[in-house]
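Given next are the chains, with one letter for each unit.
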Amino acid sequence: MLLACNLEERFPSCVNDFLYICDDAYKRSQLITMEANILQVLNFDITIPVAYRFLRRYSKCVNAALVTKDLGGWNPCLQFHSGYSAEDLAPLARKLQYMLSSTPDSKLATVWSKYSHKVFFEVTLMPPVNLEKLEKFLK
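The structure displayed is predicted, hence computed values, not measured ones.

Colleague: Can you walk me through a nonpolar patch on the surface in this structure?
Modeller: A cluster of nonpolar side chains, contributed by Leu92, Leu96, Tyr98, Met99 and Leu100, occupies part of the molecular surface with about 560 Å² of accessible area. Here methionine 99 is to be found in helix α6 (residues 86–101).

Colleague: Mind showing me how you'd approach the nonpolar core here?
Modeller: Of all hydrophobic cores here, the largest spans six residues; its members are Leu2, Cys5, Val15, Phe18, Leu19 and Leu31. Taken together, the elements giving at least two residues each to this core come down to α1 (2–8) and α2 (15–21). Looking at which element gives the most residues to this core, the answer is α2, with three residues. Setting aside residues no more than four positions away along its own chain, cysteine 5 makes contact with Pro12, Ser13 and Phe18.

Colleague: Is there a simple way to think about the pattern of salt bridges in this case?
Modeller: Two side chains with opposite charge may pair up if their charged atoms get near one another. A complete count under the given rule lists one salt bridge for this structure. Glutamate 135 is paired through a salt bridge with arginine 94; the nearest N and O atoms lie 2.7 Å apart. Pair noted here: glutamate 135 is in helix α8 (residues 131–138) and arginine 94 is in helix α6, with a separation of 41 residues, a long-range link.

Colleague: Explain a positive patch on the surface here, please?
Modeller: The grouping of Arg53, Arg56, Arg57 and Lys60 at the surface amounts to a positive patch. Mapped onto the elements, lysine 60 comes out in helix α4 (residues 51–61). Given a relative accessible area of 55%, lysine 60 falls into the exposed group.

Colleague: Can you walk me through the packing of aromatic side chains in this structure?
Modeller: Between two aromatic rings, the relevant description is the distance of the centres plus the angle of the planes. Going through the model one piece at a time under the given rule, you end up with one aromatic pair. Ring geometry for tyrosine 115 and phenylalanine 120: centres 4.7 Å apart, planes at 55°, overall tilted.

Parameters at a glance
Residues numbered from 1 in each chain as written. Predicted model: local features only at pLDDT ≥ 70, side-chain atom pairs only at ≥ 80, totals over all residues. Heavy atoms only, no water. Patch = residues over 30% accessible without salt bridge, like charges linked within 9 Å, V, L, I, M, F, W, Y side chains within 5 Å. Areas by Shrake-Rupley, 256 points an atom, 1.4 Å probe, with all protein chains shown as cover. Salt bridge = Lys/Arg side-chain N within 4 Å of Asp/Glu carboxyl O. Helix = DSSP H or I, 4+ residues; strand = E, 2+ residues; numbered from the N terminus. Core = buried A, V, L, I, M, F, W, Y, C linked by side-chain atoms within 4.5 Å. Buried < 20%, exposed > 50% of the residue type's maximum accessible area, 1.4 Å probe, protein only. Contact = heavy atoms within 4.5 Å. Lys, Arg positive; Asp, Glu negative; His and termini not counted. Charge placed at Lys NZ, Arg CZ, Asp CG, Glu CD. Phe/Tyr/Trp six-rings, centres within 6.5 Å; stacked < 30°, edge-to-face > 60°.

Following this line, the structure appears as structure tokens:
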């Protein structure tokens, strides 16, 4: 619980919060010991590349603020640091554009709401790039 929360949440919960959620079924030492055991079993290999980290690296490579709203440019520096060429990313970019242009699924209302706040740069409120602009960029 602590591991997942620390990786995904901007303001992770503390041990006391989890003890409360579990209705004090576990002692503090038990919870911490279990989390440490999980880390050891996983050999501390607990993260995968996520969009946020990728975007942070991208923004550093192009000297842009993380809140940049345009496509920027895929240059040799970005290709080197990401390991992807613009051609590699084209199918993914088209699929993402399609998904972002579609009507949001009601099952994702909580996610939509979460990312509409200023803390997350109100990304769900930004209009997706139109297909014509995307195709122009990909060429």
